[in-house]
Amino acid sequence: MTIELTIDRQPVSVPEDATILDAAKAAGIIIPTLCHMPDIASPGSCRVCLVEVEGARTLQPACVTNVAPGMVVRTNSKQAREARRLSVELLLANHPWDCNACVRNGQCELQDLAQTMGVTDVRFPYAGEEVPLDTSTPALVRDMNKCILCRRCVGVCQDVQGVSTLAPRARGFETVVGAGVGDNLCEAVCVQCGQCSAICPVGAIYEKDAVEDVWAALDNPKKHVVVQTAPAIRAALGECFGLEPGTCVTGKMVTALRRLGFDKVFDTNFTADLTIIEEGHELLTRLKKALVDKQSVALPMFTSCSPGWINYMEFFFPDLIPNLSSCKSPQQMFGALAKTYYAQKAGVDPADIVVVSVMPCTAKKFEAERPEMQGSGYQDVDYVLTTRELGRMIQEAGIDFMALPDGEQDTPMGMSTGAADIFANTGGVMEAALRTVYEVVTGRELPTEKLHVTPIHGLEGVKEAALTFENCVPDWKFLEGVTAKVAVAHGLANAQRVCDKVAKGEADYHFIEVMCCPGGCIGGGGQPRLTTNEVRNARIKAIYAEDEGRPMRKSHTNPAIEEIYRDFLGEPLGETSHRLLHTHYEKKESSLTPADQVADTP
Amino acid sequence: MAQPRTVVMVPVDADTVTIGARAVKNRFAEAIGRRGLAAEVSVLEVGSFGPSDAGVIAAVQPDGIVYGGLSPERVDRIVEEHFVKGRPCREWLLAGEHPLPDPRATDSRHTQYAGRIVLDNCGRINPENIDEYIANDGYFAFAKALSEMRPDAVVEQVKKSGLRGRGGAGFPTGIKWGFCAAETGPEKYVICNADEGEPGTFKDRLIMEGDPHKVIEGMALCGYAIGANQGYIYIRGEYKLSIERLRQAITAARAYGLLGKNILDSGFDFDIDIKIGAGAYVCGEETALIESMEGKRGLPRLKPPFPAQQGFRNKPTNVNNVETLANIPAIVYRGADWFRRAGTESMPGTKVYTILGHVRRPGLIEVSGGVTLRDIIDDYAGGMQSGSFKMAQLGGTAGDLLGEEMLDVPLNYDALEKVGHVLGSGAILIMNETIGVCDFLHACMRFFAHESCGNCNPCRNGLRWLSVITERLKSGTGYPGDIEIMEEIATVLKTAAFCPLGQSPAGPLNSALRYFRPEIEKGIDVTSARPKPDHTARALATFAG
Amino acid sequence: MTVSRIVEKHGNNRENLLQIMHDIQDAATDRCLHRDVLDELSDIMNIPVADLVGTATFYSMFSLTPRGRHIIRLCESPPCYILGSDNILEALRERLDIGIGETTPDGLFTLEHTSCLGACGVAPVMSIDDEVYGNLTTGKVNAIIDQIVENQIAAARNRK
C-alpha cells in the first residue's frame, strides 16, 4: 500500500512503512540527520531532523516518524529551521573547537551540519572539562571531549555487534558514553572491531594512527619494508578520493603504495589462498577423524580469519575455542612467511624486514600485537594501517590518486586467485573453501554457476547452504554421499545466534564462517566512512566482479601456492605450516588487557 | 466485643513522623493503658488531616477536640486531664479553627472537609485496618462492578464522569482506559504511577499513607475494566511509609480475597505488586516509568507506540496517577452523574492540592475546581505568614508562575487555559516579596538540568544553559541579550524536546517573563558584553598543565 | 548476603534489577556498588557490565564510589530553596567540614543533594538514611548531627 502526503507543498507517494525522512528524500528534499543511521534503530534524540507536521503539538523527528495518509509536512518552516539550528548550536557549544587539528577535520558531520544550518555564531562559551584521551588499546582512541552523545556507537556496539562494551553513563548534562565498568577501554570487554570508530560522526572515536610509524620505517634506509593489502581495501580505498562506493582501484592502489616507497608491494590475497589450502585440509582431516576414525573432534569448525571474531570467542564462548580453525588469519600467515620464506628467497635479514599491512579492520592492529604472533621469531606483522590511514598517507604524500596508472603486485607473495578476493565479503571464505574442497574431494570443479554459492551471498544475518559430495576420488571416498552443511554469519549479534545453537548442540553444521563486521571485511571498522548497507552491497558487487574477471578463481590453482609448498612448506598441515601458519587461542577474562598491565598507558 | 467509646487519632505520615508523631501515639497508648482506660479509649494512627504547620496533632472523637504541638511529655498531662478528669486540656488545644475532618461541618472555612472524594477517609480511619475501609463503603464499588457491571460499562462510567488525569497532563481518564480496553490479547497491565517527583507535590503520598485501600480498589477496578490481571505500583524509593502501608494493605486485601484468583467468585483475577524506583524525576513520565520497571535507565520511549498498545513488557498497559485512581471507587459506586455534580463543568470531581511556601498553614486540601488562588491563600491556608503575596507557582516546578492579577481565576482546566496557564500536578507554592524571580527561576532550571535524562540534545544542553543564564541574571551579571536567548531556548525546548520534562521548563520561564519582565531585566548588566566563545580554553589549560 | 543470594531472592530477571541493586548497596558497609560486585552481577544476570553501570549511574540513589555510614541528602528543590535550604547547606558544610558529594574523614557522613524528598509540607527538608527531618533550622541541624554522633559513640562503647 502506498501513502499520499504533502511535503513542502509537494504531493508525495511512498510505501506505508516509510518515515518522513524517506518521503522527503523521495521528494528531493534533504533533511539533515545526526543520530539516525540507516540499518540501525534510531534513538530520535539529536533533534536535528525536526519538521513541522500539521496538527501535531510539537515538532516531529523526521527519522522516526512514520508517514500517514494526508499528512502535511513542512520541513523548512521558521519554527523547524530555528529548532534545528539551535539544536546544532547547542551541540557546538559543548564541543571543542580545535577543528583544524582534529583527525576528522573536513570529514566531520558536525561541521557539515553547522554549515548546512547556517550556524555562524555560538552564543555559549565552551565549558567542557578536559577528559584525558583513552589510548589504552592497540586499535582505538576515544576522545570523550569531542563526543556529542549521538549514541550511534552505542547502537552499533549493542545492537549490531551485541557486545555492549559501550553504554551511556550518568544522566543529563553529565551523560557520557562509558566503556565497561572502568575508565579505559582496555579494562572492558571490547573486541576492537572498531565499528564505533567507523560510525562516529565526529572525532570522538578513531583508529589509533600508525602512519608516523610507517613513515619512519619507509624513511629508514636500512629497513626493507614490504606491504600487504587485504582483499577488501581495493573495493573501498577509492572512496577516500571521492570515488563512488563499489569502485575497484586495485591497480592504482598498487602504484600508490610503490610511490609511497614500499620495497615490495604484496597482497594478503596470497595468504588468503594459502588459508584455503590449510583450512580446507584441516576441515577434511576433522571430518575424517569424526567419520572414519570415530574420534571425538570439535565440529562444526569455525573460520578464524576475523580477529574481532576471535576476540569475541575468547570472551563470550571460550568453550567453543576448540571448534575454531587453528589457522592464523591471512594477515598473520603473511607476516610469518614474509620474515621466513620471503626473507630467505630475497636474501634479506628478517630483522631488517618491516611488514606493513593495510587492513579494513581495527582489530587487526590488536591481532598483530598478540604475543602468539611471533612464529617467525620476530613480531610477524609490524604495523597495521586501516584503509582510512592509507588514504591519509597517500594524500599527505601529494599523490594524485586519480591520475595514477595501474600497477601490479610483486611476486611471489603478490600472486593470488579470485577465491582470495572474495574473502572480503561475507560468505566469501566459505565459497572459496568450497571451491577447493569440492574439487579436492571429487576431482571435479564446483558445479554451480560461475563457481558461486549464491545462498550464502548477501546481507542476510545468518545464511546456510548444503553440498553433497558424489563420485569422490579414492582418498576421500569416506565422504561419498555426505552432505556438507555450512553456515555463514556476519556481525557479532548474528554470530551469537549461531554460537548459541552450536553450544546447545542444536546445530548440525560442519563448517561455519563468521565475520565480525556486518557485510564482512568490506564493512570493516577501518573502512572509509560511512558504511551503510547500500555501500556494503556496492563493495560486495565490486569484489565479485574482481573475482569473476580473474583467470584463476580457485586457491589451489595459484602457482605461487604450489611453489611455496614445493619449496618451503612441504605439505598442508605439515611441521613448518604448524609452526608458522597455525596458532591457538585461550579464554579471556573480563577485560581486554589485565588491569595490572594497564598502568603504564600514556 | 466491647467498642471503645472514645478514639484518639494521631495523624502519622512521613511529615509528622519526622517530628515525633509515632512517639506521641505510643505514649497515648501507654498512658491510657496505665490508667486502665484501654477498653474505653482506643488510639489510632491515621493519615494526614491536612495542615502541616501544627506539629504533632491528636484528635479526640467524638468530643471533637484537637490538640496540637504535642510531645510525649504533654501526652501524659492530656491523658490525666482529658480522660481521667474529663476536661479538655486548654493549654494545647489547637488554636483557632481546628482541622478535624468533619463531613457535617457547615462553616465555610471548613468546606474543604465537606464533599471530599479522594481524602474522605484520610485522617478518619486507620489506614492499616482494612475493616475500617470496608466499613466506610470500601470495596463496594469493586463488588458492584464485579457483580453488576460489564467491563465496558465501567469504562463508560469513567468516561462519563469526565475525570481527567491528576498527574499533571490532564488527559481524560476514561478515554485512556478505552484505548487499552480495545486492545486484544490476554496480557495487559495496570500501573499506578506513584513516582511523585514534582517538587512541592506530596498529595499522592498522603493518599497512600492515609487510605491505601482506595488506591488498590481503583487499580482493581481499572484492571477489571480494561481486562488486565496484574497491577504494579511504581513508587519512589523515598516513600518508605507509603511502601509499608501499601504492602500491608495488599496483604490484607489478598487475605480477604479482594485480590488474587477468582475475586468474589466473579472469575476475575487481579493482583498487585510494588516496584520501587531509585531516584529519577523523569520516571514520572509514563514510558520512562515503564523502562525503569523493566530494570533499565529511565529514558522516555518514542511514541507511538503508546503504552496502551505496547507498554510494560511490550504489552498493552494503562498508567494512571495515584490521585486519579483514588477517584475511581467513588465514580463507580456513586455514578458519573454524582461525580460531575461535585465539580465544575470543565473539572468534574475535586482536586487535591498541596499548599506550601509563605502561608500560615501549609498542607493538603481537597476542593472543587471553582476555588481561586485567593480563596486558597486566605481561607484554606490562613493567609500569608509574612510579607505580601508576590507570585505563586502552580503545579510544581514544571508549572507556571502566576502574578497577582491571577489571584481570582478559578483553578480548573478551562478557566486557566483561557488565561494561558495550566493546572499541573496540584502543588501550589506561594511566595512573598522576599523571593527574587531570577533567584527562583534559577532554582527551577537547576532542578531540571539535574533531572534531565540526557537523551535528547536540546534538553540535555539547553537546560544546562538555562541554568547558567538564570544564575547570571540572579547575580545581576547577565549579558545583554541573555533574556532573548533564554526565550529562544524555552521556545525551542517546548516544541523540540523529546518528552514533557524537556518541554515543560518553558512554563515557568515564559510565565515569569509575562509577569516579571522588568525585574528579570534588572538581572542584566547593561555595561557588559557577551564574550566571544573561547574554545581555546581547553588547549591553553593543557598547555599550562 | 552474597550477590547471588540477593539475585535469587528477587528473581534473576532484569525487571528486578533496581531492587537487587538497592539491596546490594544496602548490604555494603560503604553504601555503594563496587566494581567487582557489578562484574559479578553482570555474570550472574547475563547483563553487560557497561549496561549495569549505565543503569546504576542513572538513578541518584545509587553510588559507584564509597560513601559514609550515614548519607545526608539535602533537598534543593525550589520549595525547599525558598524556605532557606541554602542556609541549611551552609550549616551542614560548617558542621561537617565537607561539601556536596564528599565524605567526612571519619567515614561517618556523606553529604548529597537530592531533587525532592516529597516532604515539602515541612520544608526545608533533609533525609539521613531512611529518616526524614523537616522544618529544619541551623540549630536543629546541629542537634540532629550531634545526636547521631553521640549514638555512634555510645554504640562503639557498648561493643567494647
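Quick look at the structure, then. What you see is a predicted model; the values in this text were computed from it and never measured. (Residues numbered from 1 in each chain as written. Chains lettered and ligands numbered in written order. Predicted model: local features only at pLDDT ≥ 70, side-chain atom pairs only at ≥ 80, totals over all residues. Heavy atoms only, no water.)

Some points on the interface of chain C and chain A
Spelled out, the test is: Contact criterion: two residues are considered in contact whenever any of their non-hydrogen atoms come within 4.5 Å of each other. Put simply, buried area is how much 1.4 Å-probe accessible surface two parts lose in total, over both of them, once they are put together. Here, a salt bridge means any side-chain nitrogen of Lys or Arg that lies within 4 Å of a carboxyl oxygen of Asp or Glu.
The partner chain A presents 13 residues to the 13 residues of chain C that form the contact. For the pair chain C and chain A, the summed buried surface comes to about 1000 Å²; carbon and sulfur atoms form 60% of the total. Taken as a group, Arg35(C), Ala50(C) and Phe58(C) account for 45% of the area that chain C buries against chain A, more than any other trio of residues on that side. Counting across the chain C and chain A interface gives one salt bridge.

So, the packing of aromatic side chains
Put simply, the rule reads: Stacked, tilted and edge-to-face are the three classes applied to pairs of Phe, Tyr and Trp rings, where Trp contributes its six-membered ring and a pair requires centres within 6.5 Å; stacked means planes under 30 degrees apart, edge-to-face means over 60, and tilted covers the rest. Per-residue accessibility, obtained with a 1.4 Å probe over protein chains only, is compared with the maximum for each type, and a residue is labelled buried under 20%, exposed over 50%, and partly exposed between these values. The numbering of helices and of strands both runs from the N terminus, where a helix is a DSSP run of H or I of at least 4 residues and a strand a run of E of at least 2. A positively charged side chain is recorded as over a ring if its NZ (Lys) or CZ (Arg) lies within 6 Å of the ring centre. The angle to the ring normal must also be within 35 degrees.
One pass over the full model with this rule turns up 27 aromatic pairs over all chains. With a centroid separation of 6.0 Å and an interplanar angle of 15°, the aromatic rings of Phe268(B) and Phe270(B) are classed as stacked. We classify Phe268(B) as buried; its relative accessible area is 9%. Residue Phe270(B) is classed as buried on the basis of its relative accessible area, which comes to 1%. Relative to Phe448(B), the ring of Tyr281(B) has its centre 6.2 Å away and its plane inclined at 65°; by these criteria the two rings are edge-to-face. Pair noted here: Tyr281(B) is in the loop between β7 (271–276) and α11 (286–293) and Phe448(B) is in helix α16 (residues 437–451), with a separation of 167 residues, a long-range link. For Tyr281(B), a relative accessible area of 14% gives the class buried. On the basis of relative accessibility, which here comes to 0%, the residue Phe448(B) falls in the buried class. An aromatic cluster of three or more residues is present, and its members are Phe302(A), Trp309(A), Tyr312(A), Phe315(A), Phe316(A) and Phe317(A). If you follow Arg171(A) out to its NZ or CZ, it ends over the ring of Phe58(C), 5.9 Å from the centre.

With respect to the side chain of Glu45(B)
Residue and element names in this part refer to chain B. Selection criterion: Whenever a nitrogen or oxygen atom comes within 3.5 Å of another N or O atom, the pair is scored as a polar contact, on the condition that within protein one atom can donate a hydrogen and the other can accept it, and that pairs from neighbouring residues in sequence are kept only if both atoms are in side chains.
Note on placement: Glu-45 falls in strand β2 (residues 41–46). Separated by 3.1 Å, the side chains of Glu-45 and Arg-22 make a polar contact. Polar side-chain contacts of Glu-45 include one of 2.6 Å to the side chain of Arg-245. With residues up to four places along the chain from it excluded, the contact list for Glu-45 reads Val-10, Val-12, Arg-22, Lys-25, Ile-125, Asn-126, Pro-127, Glu-128 and Arg-245.

Overview of the interface of chain B and chain C
The cut-off we apply is this: In this count, Pro and Cys sit with the nonpolar residues alongside Ala, Val, Leu, Ile, Met, Phe, Trp and Tyr, while Asp, Glu, Lys and Arg are called charged and the others, Gly among them, polar.
With 53 residues of chain B at the contact, the number on the chain C side is 37 residues. Taken together, the connections running from chain B to chain C amount to four salt bridges. The residue inventory of the side of chain B that touches chain C, partitioned by class, reads 24 nonpolar, 15 polar and 14 charged.

With respect to the side chain of Ser306(A)
All names here are of chain A. With respect to the element layout, Ser-306 can be found in the loop between β12 (301–302) and α9 (307–316). Relative accessible area serves as the criterion here: at 8%, Ser-306 is assigned to the buried category. In contact with Ser-306, not counting residues within four places along its chain, are Val-514, Met-515 and Cys-516.

Re the sheet that holds strand β11 (residues 389–394) of chain B
Residue and element names in this part refer to chain B. Spelled out, the test is: What makes two strands pair is DSSP finding at least two bridges between them. Helix axes are fitted to C-alpha atoms over the stretch in contact, other axes to C-alpha atoms as well, and angles between N-to-C directions run from 0 to 180 degrees.
Spatial ordering of the open sheet is given by β10-β9-β13-β11-β12, a layout of five strands whose pairing is mixed. Edge strands, defined here as strands with exactly one partner in the open sheet, are β10 (363–368) and β12 (400–402). Across the sheet, the mean angle separating the axes of adjacent strands is 30° when strand polarity is ignored. Bridge count for strand β9 (residues 350–357) against strand β13 (residues 427–432) is four bridges, and the pairing is parallel. Bridge pairing links Gly-357 to Ile-430 in β13. Those strands touched by α16 are β11, β12 and β13, and its axis lies near 15° from that of β11. Running at roughly 30° to β12, helix α20 (residues 506–521) makes contact with β11 and β12 of the sheet.

Considerations on the pattern of salt bridges
Following the criterion strictly, the structure yields 86 salt bridges over all chains and no others. Residue Arg152(A) pairs with Glu109(A) through a salt bridge whose shortest N-O separation is 2.6 Å. With a gap of 43 residues between them, Arg152(A) in helix α4 (residues 152–160) and Glu109(A) in helix α3 (residues 109–117) connect regions that are remote in the sequence. The exposure classification of Arg152(A) matches that of Glu109(A), with both residues buried. The shortest N-O distance in the salt bridge between Asp204(B) and Lys203(B) comes to 2.9 Å. For the pair Asp204(B) and Lys203(B), one class covers both residues: buried. Each of Glu207(A), Asp209(A), Arg388(A), Arg392(A) and Arg529(A) takes part in a single network of salt bridges with overlapping partners.

Brief notes about the environment of Asp349(A)
All names here are of chain A. Assignment of secondary structure puts Asp-349 in the loop between α10 (330–346) and β13 (353–359). Sequence-wise, Asp-349 and Lys-339 are 10 residues apart; in three dimensions their C-alpha atoms are separated by 8.2 Å. There is a polar contact of 2.9 Å between the side chain of Asp-349 and the backbone nitrogen of Ala-351.

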